[in-house]
Amino acid sequence: MNILLEFFVVTFRVLWAFVLAAAKWLVRPKEKSVAGQVCLITGAGSGLGRLFALEFARRRALLVLWDINTQSNEETAGMVRHIYREMAEEAAAAGAGDGEKDVLPHCNLQVYTYTCDVGKRENVYLTAERVRKEVGEVSVLVNNAGVVSGHHLLECPDELIERTMMVNCHAHFWTTKAFLPKMLEMNHGHIVTVASSLGLFSTAGVEDYCASKFGAVGFHESLSHELKAAEKDGIKTTLVCPYLVDTGMFRGCRIRKEIEPFLPPLKPEYCVKQAMRAILTDQPMICTPRLMYMVTFMKSILPFEAVVCMYRFLGADKCMYPFIAQRKQATNNNEAKNGI
């Protein structure tokens, strides 16, 4: 009898979840504030990581930027400091206009940079310890760093395959293990996993990248369930799965030319703005564009041969081949230039 009662309760909750999800489509939830909170972003030196840093800076978060490239990371920090100065000047002007003297809520905001190779576990743990001592506990963790080898499986050196897995997947374990304990203690925090649509469905020629992103998605989903099981509802998680983003990472990637105008590469700024809206409204997952939800659903219910037919029609089965060819040509040119 109890199990029947629980079944009806669960059914009601499932239906209610659909109602709430539909309501969020009609009425946009209010965005939460991250002002003054410590936000750590990996891979902050370029691409999406840099744009995430700028968006969080505009919302007055205290930024901790990690990247393996010191110079590009400092360039991002310079942009963040510029945003902080502009906000401080605007606040000062507003205070002067109101006849108030102490209206500088942005003056204590700072940005900290750390050179860190997230693919190396000990490097992550040592840098995390420095962050705790020099900055404080992290409230928002954005696991964004990623690499791609750009080789067919049989042409890809084992070292590059391992590197892809370490940076795109294993690093999420190390950073989360470093900062999750305090979040659990406080029952407060937010963990963001920047994965990819290639973590939900795959394509030919980038086996290592797809495997790493599938791993990141699996890690994120399991972690989310673990937090729910522990009843730590104050710790939020957001999985970000964008379609091809025009950052240069997959330069040359092409789908069928007749389809491409309807599904062009995403502008990085659009991708990050959509992701920020999801993060600040505690949305568990965001796929951009929304068509990716349908593709994922169809891949789940269609027979494999039907998926193959669909891929071939879209030109998605070999979309990475031009990108791989360009990477191979660039590698050959560099080797020739260096006399290798």
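Residues numbered from 1 in each chain as written. Predicted model: local features only at pLDDT ≥ 70, side-chain atom pairs only at ≥ 80, totals over all residues. Heavy atoms only, no water.

1. Some remarks on the pattern of salt bridges
Going through the model one piece at a time under the given rule, you end up with 13 salt bridges. Between Arg130 and Glu134 there is a salt bridge; the shortest N-O distance is 3.4 Å. Here Arg130 and its partner Glu134 are both found in helix 4 (residues 121–134), 4 residues apart, which amounts to about one turn of the helix. Exposure remark for Arg130: the relative accessible area of 42% places this residue in the partly exposed category. Under the relative-accessibility criterion, Glu134 is labelled partly exposed at 44%. (Salt bridge = Lys/Arg side-chain N within 4 Å of Asp/Glu carboxyl O. Helix = DSSP H or I, 4+ residues; strand = E, 2+ residues; numbered from the N terminus. Buried < 20%, exposed > 50% of the residue type's maximum accessible area, 1.4 Å probe, protein only.)

2. Remarks on the side chain of Thr237
Tracing the chain through its elements places Thr237 in strand 6 (residues 235–242). At 2.9 Å, the side chain of Thr237 forms a polar contact with the side chain of Ser224. Beyond its immediate chain neighbours, meaning those up to four positions away, Thr237 contacts His190, Ile191, His220, Ser224, Leu227, Gln283 and Pro284. (Polar contact = N/O pair within 3.5 Å; in protein donor to acceptor, adjacent residues only side chain to side chain. Contact = heavy atoms within 4.5 Å.)

3. A short note on the sheet that holds strand 3 (residues 111–115)
Judged by pairing direction, the sheet is parallel, and its 7 strands sit side by side in the order 3-2-1-4-5-6-7 without closing on themselves. Looking at which strands have only one partner, the edges of the open sheet turn out to be strand 3 and strand 7 (285–288). Within this sheet the neighbouring strands show an average axis-to-axis angle of 15 degrees, counted without direction. Sheet topology places strand 2 (residues 62–67) next to strand 3; 5 bridges connect them, and they run parallel. Looking across to strand 3, one finds that Leu65 is bridged to Thr113. Lying on the sheet, helix 4 is in contact with strand 1 (38–42), strand 2 and strand 3; it crosses strand 3 at an angle near 160 degrees. Against the sheet, helix 7 (residues 268–280) touches strand 5 (189–194), strand 6 and strand 7, its axis set at about 160 degrees to strand 7. (Pairing = 2+ DSSP bridges. Axes fitted to C-alpha atoms, helices over the stretch in contact; angles between N-to-C directions.)

4. A word on helix 4
In this model helix 4 runs 20 Å from its N-terminal to its C-terminal C-alpha over 14 residues, within 8% of the 20 Å that 1.5 Å per residue would give. Inspection of helix 4 places Val124, Thr127, Ala128 and Val131 among the buried residues, and these make up the whole buried set. In an axial view of helix 4, the angular spread of the buried residues amounts to 105 degrees, which keeps them on one side of the axis. In helix 4, the exposed residues that point more than 90 degrees away from the buried face are Leu126 and Lys133. Where the residues of helix 4 are buried, they touch strand 1, strand 2, strand 3 and helix 5 (158–186). Positioned one or two residues after helix 4, Gly136 has a phi angle of 130 degrees, which is positive. (Expected span 1.5 Å × (residues − 1). Arc of directions from axis to C-beta.)

5. A look at the confidence of the model for the protein chain
With 93% of its residues at a pLDDT of 70 or more, the protein chain shows a mean pLDDT of 89. Low pLDDT (under 50) marks residues 100–106, which in the prediction has 13 contacts with non-local residues, meaning those over four places away or in another chain. (pLDDT = per-residue confidence, 0-100.)

6. Considering the packing of aromatic side chains
The full count for this structure, using the stated rule, is 6 aromatic pairs. Ring centres of Tyr125 and Trp174 lie 6.4 Å apart, and the angle between their planes is 70 degrees; this geometry places the pair in the edge-to-face category. Taken together, the residues Tyr125 in helix 4 and Trp174 in helix 5 connect sequence positions 49 residues apart. Its relative accessible area of 25% is what places Tyr125 among the partly exposed residues. Centroid distance Tyr209 to Phe250: 5.0 Å. Interplanar angle 80 degrees. Geometry classified as edge-to-face. On the criterion of sequence distance, the pair formed by Tyr209 in helix 6 (residues 207–229) and Phe250 in the loop between strand 6 and helix 7 is long-range, its members being 41 residues apart. (Phe/Tyr/Trp six-rings, centres within 6.5 Å; stacked < 30°, edge-to-face > 60°.)

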